[in-house]
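# Overview (structure and organization)
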Amino acid sequence: MCICQRYTGVVTDRTDPLAACTGFEWDDANAVKNRERHQVTTDEAESVFFHESLIVRGDVRHSRREKRYYALGQTSAGRRLFVAFTIRSSLLRVISVRDMNRKERDAYAKHETEAGA
């Protein structure tokens, strides 16, 4: 498994949070919540991390108990998603996933333009 390493965005400690990730871990309740509220499957959410046009940022506001991040990316079908996640051991644990809002879509489009994606 190879999570895409080519992305832009500075995380708070300037290390690559995805470098040591070897897979995904899902809380069953979160997976159901994301499917019911946002119509996003676990496969769709995971596919975001395998595309080169990926933005990852540290989520300082939600990092009180554990370090959290968010990603802006698109699925293999082109759906643009916002993914909130943390890393436990070497597993990426998705907390929440939904369609990007307008501000996030604009930031992502700007990133794609600058990256030449």
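Just so it is clear, the structure is predicted and the values come from calculations on it, not from any experiment. Counting restarts for each chain: residues are numbered from 1 in the order of the written sequence. Restriction of local features to residues with pLDDT of at least 70 applies here, the model being predicted, together with a cutoff of 80 or more for giving and counting side-chain atom pairs; totals for whole chains, interfaces and linings are based on all residues. Hydrogens and water are ignored here; the side-chain numbers use all heavy atoms of the structure.

Strand β4 (residues 68–74) sits mainly inside the fold: five of its seven residues count as buried. Strands are treated as partners if at least two bridges between them are detected by DSSP. Every helix listed is a DSSP run of H or I at least four residues long, and every strand listed is a run of E at least two residues long, numbered separately from the N terminus. Note that strand β3 (residues 54–58) and β4 share four bridges and pair antiparallel. Bridge pairing in β4 places isoleucine 55 opposite leucine 72. Where β4 meets strand β5 (residues 80–88), seven bridges bridge the pair, whose relative direction is antiparallel. In the strand pairing of β5, tyrosine 70 is matched with alanine 84. Here β4 folds back onto β5, and the loop between the two strands holds five residues, one of which, glycine 78, carries a positive phi near 90°. Each residue is assigned to one of three classes by its accessible area relative to the maximum for its type, calculated with a 1.4 Å probe on protein chains only: buried under 20%, partly exposed between the two thresholds, exposed over 50%.

Quick look at the nonpolar core now. If you look at soluble globular proteins, the nonpolar side chains tend to sit buried side by side. Residues belong to one nonpolar core when they are buried, are Ala, Val, Leu, Ile, Met, Phe, Trp, Tyr or Cys, and are joined through side-chain atoms within 4.5 Å. Ranked by size, the top nonpolar core spans 19 residues in total, and within it Leu18, Phe49, Val83, Phe85 and Leu92 carry the most contacts. Contributions of two or more residues to this core are made by β3, β4, β5 and β6 (91–99). By size, the runner-up hydrophobic cluster in this structure holds seven residues, among which are Phe82, Ala84, Ile95 and Tyr108.

Right, let's talk about the pattern of salt bridges for a bit. Any carboxyl oxygen of Asp or Glu within 4 Å of a side-chain nitrogen of Lys or Arg constitutes a salt bridge here. Summed over all chains, the structure comprises six salt bridges. Of the charged contacts, one joins arginine 93 and glutamate 25 as a salt bridge, the two residues approaching to 3.3 Å between their closest N and O atoms. Remark: glutamate 25 occurs in strand β2 (residues 23–25) and arginine 93 occurs in strand β6; sequence separation between them is 68 residues. You can call glutamate 25 partly exposed: its relative accessible area is 27%. For arginine 80, the salt bridge goes to glutamate 112, with nearest N and O atoms at 2.6 Å.

Without other data, these values stay purely geometric and don't point to any function.
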